[in-house]
Structure formats: structure tokens, C-alpha cells
Amino acid sequence: PFCEIAVEEAGRLKEAGKATEIVAVSLGGAQCAETIRTALAMGADRGIHVQTDVELQPLAVAKLLKAVVDKEQPGLCILGKQAIDDDANQTGQMLSALLGWPQATYASKLTINGDGTANVTREVDGGLETVQVKTPFVMTTDLRLNEPRYASLPNIMKAKKKPIEVLAPDALGVDPAPRLKTLKVVEPPKRSAGVKVKSAAELVEKLRNEAKVI
């Protein structure tokens, strides 16, 4: 969903004359081609599919994206702030570091200034923070940046004719092998049922001796 917001923002930049081409990139198994087709139906001009069945962790994704950026030389990289499988929220920051580009994360508003800079409003704990960054830069999207459009049937049909370049990690000079190993995944323990107490004194006694929180 966050990457869908990224595609929508790219489309708005192009419609406003701030961008000339949108390249949608996805990494992973064969099913990623459908994800790219969705981006093409939303307005992307062409796609790049880095195809691999290896489990991709954030650092490997960032390295592969860097190789694609080196090849394509874009003026702006827009990513979703996090994936919805691991919620790692690392790839955008890692890509920025690998490229040596400025980063603007958790973006809720983007303004291209036309002088080689952009203003990005960020969602932070204390409210909204506006930063100015030099282009090119890496931006990650938050929910309030925009609301993605629905792809129309004509655009879905057009997307089938748009090109998707398929690359292998080897061709980009990147080893995507996982560096972390998941030892186990367990559900949190179930909460015990609540009880009713007859007095404040009994509540304090239970909090002190049973729950041990006071």
C-alpha cells in the first residue's frame, strides 16, 4: 500500500510537468510482474523486474535498487516507507546511505522547488516537520501523502503493452543471499480473564502480590 502511494505521487509529478518518465521497480518472484503491471496501469511508463526466488531482506533490496539507480540515473526515488510483511522500514534509509543521497522519510507532502531542491513535509511524533533537500534524493511515503487512484480499464489494457525489463541479481553485480536467519516466530501469550474486586484494598493487594506491578 505504501508503494502504491509512491506510484501515485510519481504520477502527479509527471502530470504537473515535474517529471518526464516514471519507472516502476519490483524485486522478487514471478508474481512481481503483476505488481509492476498495476503500477503501469496507474501511469508508470515502463517497469523493471529484478527476478529472484531468494528471500530478499532490506539490505539486499537496497543494494539491488542502488544498482538499478546507477543504471537509470533518476532524479528522485520514491519508496513506500515500509513493506507490510516484515514492517522493517529500512530499505529507503539504506538506499539513501548506499547512494550518498539525501533522504526524506515519512513524507506527507512534496513540493519540487525548481532550483534543484525540494521541500518535504514529514510525519514526526511531535507533529509535522518540513525539510529541504537537494535533488536527487530518496523519499519514503506516509499514508497522508495522497490517495492512490484506481486504474481505469483502458489504462489496464494499455499497461499490457508497456515494457517490463527483467534483470537477474547477477547482472546487477549483487548477491541477494539473506544475512539474517529467523530462529522462530511465536504468538504472544493469551491474556488471562479479568476478575472483579470488591474494594480498592483488594485491587491494590492483587496488583501488588499477583500482578506485581506496584
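Scroll up a little and you will see the structure.
Residues numbered from 1 in each chain as written. Predicted model: local features only at pLDDT ≥ 70, side-chain atom pairs only at ≥ 80, totals over all residues. Heavy atoms only, no water.

Trainee: I'd like a rundown of the pairing of strand β7 (residues 137–141), residues and numbers included.
Mentor: Burial within β7 is extensive, with 5 of its 5 residues counted as buried. In β7, alternate side chains face the same way, and those of F137, M139 and T141 on one face and V138 and T140 on the other are all buried. Of the strand pairs in this sheet, strand β3 (residues 76–80) and β7 are connected by 5 bridges, and their pairing is parallel. Its bridge partner lying in β7, G80 is registered against T141. Pairing of strand β4 (residues 103–112) with β7 involves 3 bridges; the strand directions are parallel. Paired with A107 across the two strands is T141, which belongs to β7. (Buried < 20%, exposed > 50% of the residue type's maximum accessible area, 1.4 Å probe, protein only. Helix = DSSP H or I, 4+ residues; strand = E, 2+ residues; numbered from the N terminus. Pairing = 2+ DSSP bridges.)

Trainee: Explain the environment of P163 residue by residue, including any values.
Mentor: Take P163: it is sitting in the loop between α5 (153–159) and β8 (164–167). Spatially, the C-alpha atoms of P163 and D53 are 22 Å apart, while their sequence positions differ by 110 residues. Setting aside residues up to four positions removed in sequence, P163 forms contacts with L40, D45, R46 and G47. (Contact = heavy atoms within 4.5 Å.)

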